[in-house]
Amino acid sequence: MSDNLAIARVLAETADLLELKEANPFKIRAYRNAAETIANTGERVAAFDEARLRELPGVGRDLAARIREIVETGDAGVHRELVAEFPPTILELLHLQGVGPKTAATVYRELGIGSLDDLERAARAGQLASVRGMGPKKTALILRAIDERRRHASRYLAPEVADTAAALIARLQEAAPGADFTPVGSLRRGAETCGDLDILAVGAPPSLMDAFTGDRLVERVLGRGETKASVLLHGGLQADLRLVPPGSRGAALQYFTGSKAHNIALRDRALARGLTLNEYGLFDAATSAPVASETEEAIYAALGLPFVPPELRENRGEIDAAAAGSLPRLIERSDLRGDLHAHTTATDGRDDIETMALAARAAGLEYLAITDHSQALAMANGLDERRALAHAARVREVGRRLDGITLLAGIECDIRPDGTMDLADDCLAELDLVIASVHSAFNQEASQMTDRLRRAIACPYVDIIGHPTGRLLLRREPYQLDLDAVLHDAAAAGVALEINSQIERRDLNDVQARLARDRGITLTIATDAHARGAFSLLRWGVQTARRAWLTADDVLNTRPIEAFRASLRRHRRPAAR
Ligand code: DGT
Ligand code: CA
Ligand code: CA
Ligand code: ZN
């Protein structure tokens, strides 16, 4: 096992299982902290030796040994033993949003509930009410979480699938050094989640199938032929491998990248021109003579189209736009000059101001806004007015000291349930940039939540709305909201909307960001970094932006610092009404 997230998952599960056993709280915390540290480390922890591992915050001798064990064997003995002590279904309980290890431990011990099915049955029968701290409200939340879980059960976060793909392809490449590997399907299209992992191998010998089906990540072989194999990986993800000869590389890439809807539309276009299109190539329908197959560009060109970037291939107007020569020039990671959303040790971040600034600079950024939480987020040690201003002074002081990176002193200010801002106007006015976000009372009705966001937008010191819909991929639905009304107000007020790059947020999503841009709203792409390694996450925000058809001009933080500052809402004249 070689990716950070997979290692972190084993450690976090160990912490959860220890909690279930009521083990020593310090030990539980130690595993949980290590899991978080590793998930947030930019470099590949699998390449670290024990000494290097012990330099990570919160990783001592024991944990370093456990981590090496996970890297080398794919699991840790302590984790395996813990799993064996409980029913195998216990992990699904632990992973249920809104339940958490404490509740799971209570219902397991008091009611013997060890699976989602048990929990659902008990909840429906009203048996949870007998457990301390579990009223009807909590029961309803649990039932909703189970329902959502069932609907999402078979999908995975794309960045996690990308990590798995990289690890797997590295080993396949060793087995077939001359071959060329590309992840295709939804992963290549930059989707948020993937149903499975599709890999295309060009120019590999048939023996590659042995390496694939025998890989250490493989739990079970689902099917195996000469040119195609499917396996189930540990953790439940399916992986499909296809072998094609170099001559049909482009056709196979095009076909297996999809989407299915794009392919069908493209095939119709081919048919209308007397051509047939399949995974082997583009052919003359009458004579079967090959027309194009070696590159995707050649196939699109033979259909009278420029190359269509994979992120656009969703049959959302891209073929017409391509035919009309009006495909957008999509934003790229290298267009981003700044990151606008980052936390430090002042609240719930793991690194201090200077460390974050240097990491942003190392990631090629020219500016960084430090935007710690406001007081309402007490759990995160949120800042009140006095601390916010003192923190801003420190941010500016560090910024003056450092070369090659400009720091902006901002805040991620909570939008209270009634729509008022969590910090006084005169404090917000002192800062360089204000993100306003919802972090509480997610269950408000649509009308209330819509008013709440509109009120926030009406505050003249709000520049950006952070993670505007509050959804967590595969875990939490967006809050109820009239997005149209919010977009209307944001456009009128000149407030920007964030595309949050956290892998489980991607919020706004592609469709919403495209809609916002069409309404004249500018977007930002931000990491919501909580540690120095997090700036690499910009990549995922950029993918969402590309899927939203955005160009560099549509995104505020592609601008040079002075132009960026000038385009913030606080420095613009109020929009004429
Ligand atoms: P996923 O796996 O749900 O995240 O989404 P995809 O797009 O990766 O879907 P998948 O893995 O079923 O198939 C990979 C690609 O193969 C898909 O994007 C397009 C192509 N493909 C699959 N089935 C069909 C089909 O019936 N017709 C056409 N034209 N293409 C297909
Ligand atoms: Ca797929
Ligand atoms: Ca597939
Ligand atoms: Zn936030």
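Every value quoted in this text rests on a predicted model; they were computed, and no experiment measured them.

The rules behind each value
- Residues numbered from 1 in each chain as written.
- Chains lettered and ligands numbered in written order.
- Predicted model: local features only at pLDDT ≥ 70, side-chain atom pairs only at ≥ 80, totals over all residues.
- Heavy atoms only, no water.
- Phe/Tyr/Trp six-rings, centres within 6.5 Å; stacked < 30°, edge-to-face > 60°.
- Helix = DSSP H or I, 4+ residues; strand = E, 2+ residues; numbered from the N terminus.
- Lys NZ or Arg CZ within 6 Å of the ring centre and 35° of its normal.
- Near = heavy atom within 4 Å.
- Polar contact = N/O pair within 3.5 Å; in protein donor to acceptor, adjacent residues only side chain to side chain.
- Nonpolar A, V, L, I, M, F, W, Y, C, P; charged D, E, K, R; others polar.
- Domains from an automatic or database assignment.
- Donors = N, O, S within 2.8 Å, 3.2 Å for Na, K, Ca; no water.
- Buried < 20%, exposed > 50% of the residue type's maximum accessible area, 1.4 Å probe, protein only.
- Pairing = 2+ DSSP bridges.
- Contact = heavy atoms within 4.5 Å.
- Axes fitted to C-alpha atoms, helices over the stretch in contact; angles between N-to-C directions.
- Arc of directions from axis to C-beta.
- Salt bridge = Lys/Arg side-chain N within 4 Å of Asp/Glu carboxyl O.

S.K.: I tried to follow the packing of aromatic side chains on my own but got confused; where do I start?
M.R.: The way to describe two aromatic rings as a pair is by their centre distance and the angle between their planes. Under the counting rule described, the total for this entry stands at 5 aromatic pairs. Summarising the aromatic geometry, the rings of F86 and Y108 are spaced 5.4 Å apart at their centres and angled 65° between planes, so their arrangement reads as edge-to-face. Of this pair, F86 sits in the loop between α5 (77–85) and α6 (90–94) while Y108 sits in helix α7 (residues 100–111), and the two are 22 residues apart along the sequence. Cation over ring: R476 sits above F442, and NZ or CZ is 4.0 Å from the ring centre. One Lys or Arg, R514, reaches over the ring of W549 and ends 3.9 Å from the middle of that ring.

S.K.: I keep staring at the site of ligand 1 and nothing clicks. Help me out?
M.R.: Lining the immediate surroundings of ligand 1 are 16 residues, of which R155, S186, R189, G195 and D198 lie closest. G195 places a main-chain nitrogen or oxygen 2.8 Å from an oxygen atom of ligand 1. Taking D196, its side chain carries an N or O atom lying 3.1 Å from an oxygen atom of ligand 1. Elements supplying a minimum of two residues to the shell around ligand 1: α11 (185–188), α13 (249–257) and α14 (260–272). Each residue belonging to the shell around ligand 1 can be placed in one class, and the counts come to 3 nonpolar, 7 polar and 6 charged. Counting residues domain by domain, the shell around ligand 1 receives three or more from each of domain 2 (156–244) and domain 3 (253–323).

S.K.: Just to check I follow, could you spell out the coordination of the calcium ion (ligand 2) for this structure?
M.R.: The reference angle at a metal is 109.5 degrees if four donors form a tetrahedron and 90 or 180 degrees if six donors form an octahedron. In the first shell of the calcium ion (ligand 2), the protein supplies D196 (OD) and D198 (OD), at 2.1 to 2.2 Å from the metal. A relative accessible area of 19% means that D196 is categorised as buried. Taking relative accessible area as the criterion, D198 reaches 13% and is therefore assigned buried.

S.K.: How should I be thinking about the sheet that holds strand β13 (residues 406–414) in this particular structure?
M.R.: Backbone hydrogen bonds hold the strands of a sheet together, and the pairing may be parallel or antiparallel. Here we have 7 strands laid out as an open sheet, ordered β11-β12-β13-β14-β15-β16-β17, and parallel in their pairing. With partners counted over all chains shown, the strands left at the sheet margins are β11 (338–339) and β17 (523–526), one partner each. Pairing between strand β14 (residues 433–437) and strand β15 (residues 464–465): 2 bridges, direction parallel. Among the inter-strand pairings, I435 is bridged to a residue of β15, identified as I464. Across the sheet, helix α23 (residues 538–547) touches β11, β16 (496–500) and β17, and the angle it forms with β17 is around 150°.

S.K.: Looking at this structure, I do not really get helix α22 (residues 510–518). What am I missing?
M.R.: Quick reminder: α-helices carry 3.6 residues per turn. Residues three or four places apart thus point the same way. Those residues of α22 that sit buried are D510, Q512, A513 and A516. End-on, the buried residues of α22 take up no more than an arc of 165°, which puts them together on one face. Sitting at the head of α22, N509 places a side-chain oxygen 3.1 Å from the backbone nitrogen of V511.

S.K.: Got a minute to help me understand the coordination of the zinc ion (ligand 4) in this structure?
M.R.: Those donors, E412 (OE), H439 (NE2) and H467 (NE2), are the protein atoms that reach the zinc ion (ligand 4), and they lie 2.1 to 2.2 Å from it. One chain supplies every donor to the zinc ion (ligand 4), and in sequence these donors are spaced E-x26-H-x27-H. Linking E412 in strand β13 with H467 in the loop between β15 and α21 (483–493), this pair joins segments that are 55 residues apart in sequence. For the pair formed by E412 and H467, the shared burial category is buried.

S.K.: Can you help me understand the domain arrangement of the protein chain in this one?
M.R.: For interface size, the figure often reported is the accessible area lost on association. Annotation of the protein chain at the domain level lists domain 1 (4–151), domain 2 (156–244), domain 3 (253–323) and domain 4 (333–572). On a C-alpha basis, the centroid separation for the pair domain 1 and domain 4 is 30 Å. Counting residues at the interface gives 12 residues for domain 1, matched by 10 residues for domain 4. The interface formed by domain 1 and domain 4 includes 1 salt bridge. The interface formed by domain 1 and domain 4 includes 2 residue pairs in polar contact (both at pLDDT 80 or more). Put simply, the parts of the chain that give the side of domain 1 that touches domain 4 at least two residues each are α2 (25–39) and α9 (136–152). The greatest single-element share of the side of domain 1 that touches domain 4, amounting to 4 residues, is contributed by α9. Here the side of domain 1 that touches domain 4 is composed, by residue class, of 2 nonpolar, 6 polar and 4 charged.

S.K.: I'm lost on the sheet that holds strand β10 (residues 290–292) in this one. Help?
M.R.: Reading across the sheet, the 3 strands line up as β8-β9-β10 and stay open at both edges, with antiparallel pairing between neighbours. In this open sheet, the two strands that pair with only one neighbour each are β8 (275–278) and β10. Strand-to-strand twist of the sheet, defined as the mean angle between neighbouring strand axes without regard to direction, takes the value 35°. Bridge count between strand β9 (residues 281–284) and β10: 2 bridges; the pairing is antiparallel. From the neighbouring strand, F283 faces β10, where its bridge partner is P290. Across the sheet, α14 touches β8 and β9, and the angle it forms with β8 is around 155°.

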